[in-house]
Amino acid sequence: QVQLVESGGGLVQARGSLRLSCAASGRTFKSYLMGWFRQAPGKEREFVAAINWSTYYADSVKGRFTISGDNDKNTVYLQMSSLKPEDTAVYYCAAAPKYTQGWTIPRNYDYWGQGTQVTVSS
């Protein structure tokens, strides 16, 4: 079992940057497929990025967001650049079995953090 805690959200202007952190405890994040999802008001939760031995991105963030991990800190990051108002959402970190193929599907993830709000102003 793994516990996940996100941090790093906030208010930023369009074209700005933020880095989200997802601190894992209980087990190393390397044991899992780690994903970032987001949910805007009135919308379904959507896939943003994931990492195991490779990285995967939603088309809407490709080239602007980067997912990475720090083994020593047992933390996964989401570096977000060139932010747009449509990136505004609550961002969630999640963990799935390492060999999960459906990395874009929320129900494939067993563990979730509490979420962190990202607001991008125009």
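All chains use their own residue numbering, which begins from 1 and follows the written sequence. Totals for whole chains, interfaces and linings use every residue, but because this is a predicted model, local features are given only for residues with pLDDT of at least 70 and side-chain atom pairs only at 80 or more, for both listing and counting. Note: side-chain values were computed over all heavy atoms of the structure, leaving out hydrogens and water.

K.L.:
Sorry if this is basic, but what is going on with the overall build of the chain here?
P.N.:
Here a strand is any run of E in DSSP of at least two residues, a helix any run of H or I of at least four, and the numbering for each starts at the N terminus. Of regular secondary structure, the chain possesses 0 helices and 11 strands. Order of helices (α) and strands (β) in the chain, N terminus to C terminus: β-β-β-β-β-β-β-β-β-β-β. Every radius of gyration here is taken over C-alpha atoms, with the globule rule written as 2.2 Å times N^0.38, N being the number of residues. Against the globule reference of 14 Å for 122 residues, the chain gives a C-alpha radius of gyration of 13 Å, in line with a compact fold. C-alpha atoms of the chain, sized along the principal axes, occupy 40 × 25 × 25 Å. Burial here depends on accessible area, computed with a 1.4 Å probe over protein chains only, as a share of the maximum for the residue type. Under 20% is buried, over 50% is exposed, and the range in between is partly exposed. Going through the 122 residues of the chain one by one, you find that 44% of them count as buried. Contacts are assigned to residue pairs with any non-hydrogen atoms lying within 4.5 Å of each other. At a minimum sequence separation of 6, the contacts of the chain that also span at least 24 residues come to 60%. Carbon and sulfur atoms provide 47% of the accessible area of the chain, an area that totals close to 6,300 Å². Accessible surface is estimated by sampling points in the Shrake-Rupley manner with a 1.4 Å probe; for residues, cover comes only from the protein chains shown.

K.L.:
Explanation requested: the sheet that holds strand E1 (residues 3-7) in the structure shown.
P.N.:
Note on sheets: strands pair through backbone hydrogen bonds, and any given pair is parallel or antiparallel. Pairing within the open sheet is antiparallel, and its 4 strands lie in the order E1-E3-E8-E7. Two strands close off the open sheet at either side, each with one partner strand: E1 and strand E7 (65-70). Averaged over all neighbouring strand pairs, the angle between strand axes comes to 20°, with direction disregarded. Of the pairings in the sheet, the one linking E1 to strand E3 (residues 18-25) comprises 5 bridges and is antiparallel in character. Across the sheet, the residue bridging to Glu 6 is Cys 22, located in E3. A pair of strands counts as paired when DSSP detects no fewer than two bridges linking them. All axes are obtained by fitting lines to C-alpha atoms, using only the stretch in contact for helices, and the reported angles, taken between N-to-C directions, cover 0 to 180 degrees.

K.L.:
So what exactly am I meant to see when it comes to the nonpolar core here?
P.N.:
Considering soluble globular proteins, one finds that nonpolar side chains tend to be buried as a cluster. Ranked by internal contacts, the top residues of the largest apolar core, which has 38 residues, are Met 34, Trp 36, Leu 78, Met 80 and Tyr 91. Contributing elements (two or more residues each) for this core: E3, strand E4 (32-39), strand E5 (46-51), E7, strand E8 (75-80), strand E9 (89-97) and strand E11 (116-121). Here the element with the most residues in this core is E9; it accounts for 6 residues. By nonpolar core is meant a set of buried Ala, Val, Leu, Ile, Met, Phe, Trp, Tyr and Cys residues that side-chain atoms within 4.5 Å join together.

K.L.:
Explain the environment of Asn 108 here, please?
P.N.:
In this fold, Asn 108 is placed in the loop between E9 and strand E10 (111-112). Through-space distance from the C-alpha of Asn 108 to that of Asp 70 is 23 Å; in sequence the pair is 38 residues apart. Those residues within four positions of Asn 108 in sequence are excluded, and the remaining contacts are Ala 96, Pro 97, Thr 100 and Gly 102. Two N or O atoms count as a polar contact when they lie within 3.5 Å, although within protein this holds only if one can serve as hydrogen donor and the other as acceptor, and sequence-adjacent residues are included solely when both atoms are side-chain atoms. One polar contact links the side chain of Asn 108 to the main-chain carbonyl oxygen of Gly 102, over a distance of 2.9 Å.

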